[in-house]
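Listed below are the residues making up each chain.
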Amino acid sequence: GRTYDAVNALALAALIILTVNPQALFQSGFQFSFLSLAALCISSAVLSGRREAAARRLQEENRKFPTVSGKADGLRGRIRKRWGAFLESVMSGAILQLFLVPLTAWHYYEVPLYALFLNLLVIPLCGWLLGFGLLGGVTGIFFPELSKWLLIVCHMILAVYEKAIGAVNALPFSQVVTGRPESWILLIYYVFLTGICLSVICGKPSLFFSRKLYHKAAMLVHGYAGLLLPALFLGALLFLPERQVCRVDFLDVSQGDGIYLTDGHGTHLMIDGGSTDEKQVGKYRIRPFLKYNRVKKIDVWIITHGD
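Summary of the structure given here. (Residues numbered from 1 in each chain as written. Predicted model: local features only at pLDDT ≥ 70, side-chain atom pairs only at ≥ 80, totals over all residues. Heavy atoms only, no water.)

1. What to know about the sheet that holds strand 6 (residues 300-302)
One open sheet holds the 4 strands; their spatial order is 3-4-5-6, and the pairing between them is mixed. Single-partner strands in this sheet number two, and they are strand 3 (247-250) and strand 6. Adjacent strand axes in the sheet meet at a mean angle of 15°, parallel and antiparallel pairs treated alike. With 5 bridges connecting them, strand 4 (residues 258-262) and strand 5 (residues 268-272) associate as antiparallel partners. Bridge pairing links Thr-262 to His-268 in strand 5. (Pairing = 2+ DSSP bridges. Helix = DSSP H or I, 4+ residues; strand = E, 2+ residues; numbered from the N terminus. Axes fitted to C-alpha atoms, helices over the stretch in contact; angles between N-to-C directions.)

Structure, rendered in structure tokens:
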């Protein structure tokens, strides 16, 4: 007779997967999936507390300044409700990005600056995408022709996603190359973020914060200045001095050479880069290596063979 508990369900799902394959813990898909769902559970708890606080403020306001016209009060209430729902979606997306930005930098060596705004389009349509996808899949077992019409909605939503992602990627600074961050930076970031969230959800100072710091931490998450945290994280990644060392790397590009050299003073050089034997070697071998090492520009590229 107990109600559904998302946190325990999430933990049970992770336990089952890791029992079958413990190495899944180190897979990017596992980490992104469970961290995203955990972040949504946390954002739900934070937003629930905000709604309760807003309801109390509204009751006090109505008690002090009772409205004369019920019609005006109804219109104001509807506008406030719509605006509140929009702000909650923004806040939920912001909290999600707070948790995913470091993991994105760790696995992809770059972060998307406009992901929060893109999520305002993507997340509301996910319910429709999932609903029509399930309906079309079940209907297709019995009525294949009918399922095609139902799945048109899914195709339309995915087409909107694709167009939106293309438009966002065309904006300047849509992807910021960060390289792979140091593990200690990620550890400090997540400890700090977890402490803030626990303080806000529990409504009292947590293990990480003193009573005086609690109010500032609560304001950080309850307000929309929570975006300051990923900004500071990005700043640490972008402006921390790189380790300047003279090095040579030989990339496995199949046929031919793929040699990277740096003099330790900011000059980057490449020799060749593979041949047609390996398809899309630049996309899957060279570019990830350069992004991993936060190399944004090759100063000199030496080509020894015309092919």
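2. Side note on the environment of Ser-92
Within the fold, Ser-92 resides in helix 3 (residues 70-108). A residue is classified by how much of its surface remains accessible, and Ser-92, at 16% relative accessible area, is buried. Distance in space between the C-alpha atoms of Ser-92 and Ala-39 is 8.7 Å, their sequence separation being 53 residues. If near-sequence neighbours (up to four positions away) are discounted, Ser-92 is found in contact with Leu-40, Ser-43 and Leu-47. (Buried < 20%, exposed > 50% of the residue type's maximum accessible area, 1.4 Å probe, protein only. Contact = heavy atoms within 4.5 Å.)

3. A look at helix 9 (residues 281-292)
Under the 1.5 Å per step criterion, the end-to-end length of helix 9 is 16 Å for 12 residues, consistent within 8% with the ideal 16 Å. Listed in full, the buried residues belonging to helix 9 are Val-281, Ile-286, Phe-289, Leu-290 and Lys-291. Phi for Arg-294, located one or two positions after helix 9, is positive at around 60°. (Expected span 1.5 Å × (residues − 1).)

4. Topic: the nonpolar core
Among the nonpolar cores identified, the biggest contains 21 residues, and Ile-95, Phe-99, Val-111, Tyr-189, Leu-193 and Phe-233 are the most heavily contacted of them. Only helix 2 (28-64), helix 3 and helix 6 (183-202) provide two or more residues apiece to this core. No other element matches the 9 residues that helix 3 contributes to this core. Core analysis: the second largest hydrophobic core is formed by 10 residues, Val-253, Tyr-260, Val-281 and Phe-289 among them. (Core = buried A, V, L, I, M, F, W, Y, C linked by side-chain atoms within 4.5 Å.)

5. Quick word on the packing of helix 4 (residues 115-142) against helix 5 (residues 144-169)
Two elements in contact, helix 4 and helix 5, have axes whose closest approach is 8 Å; the angle formed by their N-to-C orientations is 160°. Relative to helix 5, the element helix 4 lies roughly antiparallel. By crossing handedness, the relation of helix 4 to helix 5 is classed as left-handed. (Parallel < 35°, antiparallel > 145°, perpendicular 65-115°, else oblique. Left-handed = near helix turned anticlockwise from the far one by under 90°.)

6. Concerning helix 4
The first and last C-alpha atoms of helix 4 sit 39 Å apart over 28 residues, in line with the 40 Å expected at 1.5 Å per residue. The axis of helix 4 is deflected most strongly, by about 35°, at Leu-125. Within the sequence span of helix 4, burial applies to Ala-115, Leu-116, Leu-118, Asn-119, Val-122, Gly-136 and Thr-139. (Bend = angle between axes of the 7 residues up to and from the residue.)

7. Considering the pattern of salt bridges
All told, the structure shown has 3 salt bridges when counted by the stated rule. Measuring nitrogen to oxygen at the nearest pair gives 3.1 Å for the salt bridge that ties Glu-110 to Lys-291. In this pair, Glu-110 is assigned in strand 1 (residues 110-112) and Lys-291 in helix 9, connecting sequence segments 181 residues apart. For the residue pair Glu-110 and Lys-291, the accessibility class agrees, reading buried in each case. Ionic pairing is found between Arg-247 and Asp-249, a salt bridge with its closest N-O pair at 2.8 Å. (Salt bridge = Lys/Arg side-chain N within 4 Å of Asp/Glu carboxyl O.)

8. Points about the packing of aromatic side chains
Counted according to the given criterion, the structure contains 6 aromatic pairs. Ring geometry for Phe-32 and Tyr-108: centres 6.0 Å apart, planes at 35°, overall tilted. Of this pair, Phe-32 sits in helix 2 while Tyr-108 sits in helix 3; the two residues are 76 residues apart in sequence, bridging distant segments of the chain. For the ring pair Tyr-189 and Tyr-190, a centre distance of 5.5 Å and an interplane angle of 90° mean the geometry is edge-to-face. The cationic tip of Arg-180 hangs over the ring face of Trp-106; the distance from NZ or CZ to the ring centre is 4.1 Å. (Phe/Tyr/Trp six-rings, centres within 6.5 Å; stacked < 30°, edge-to-face > 60°. Lys NZ or Arg CZ within 6 Å of the ring centre and 35° of its normal.)

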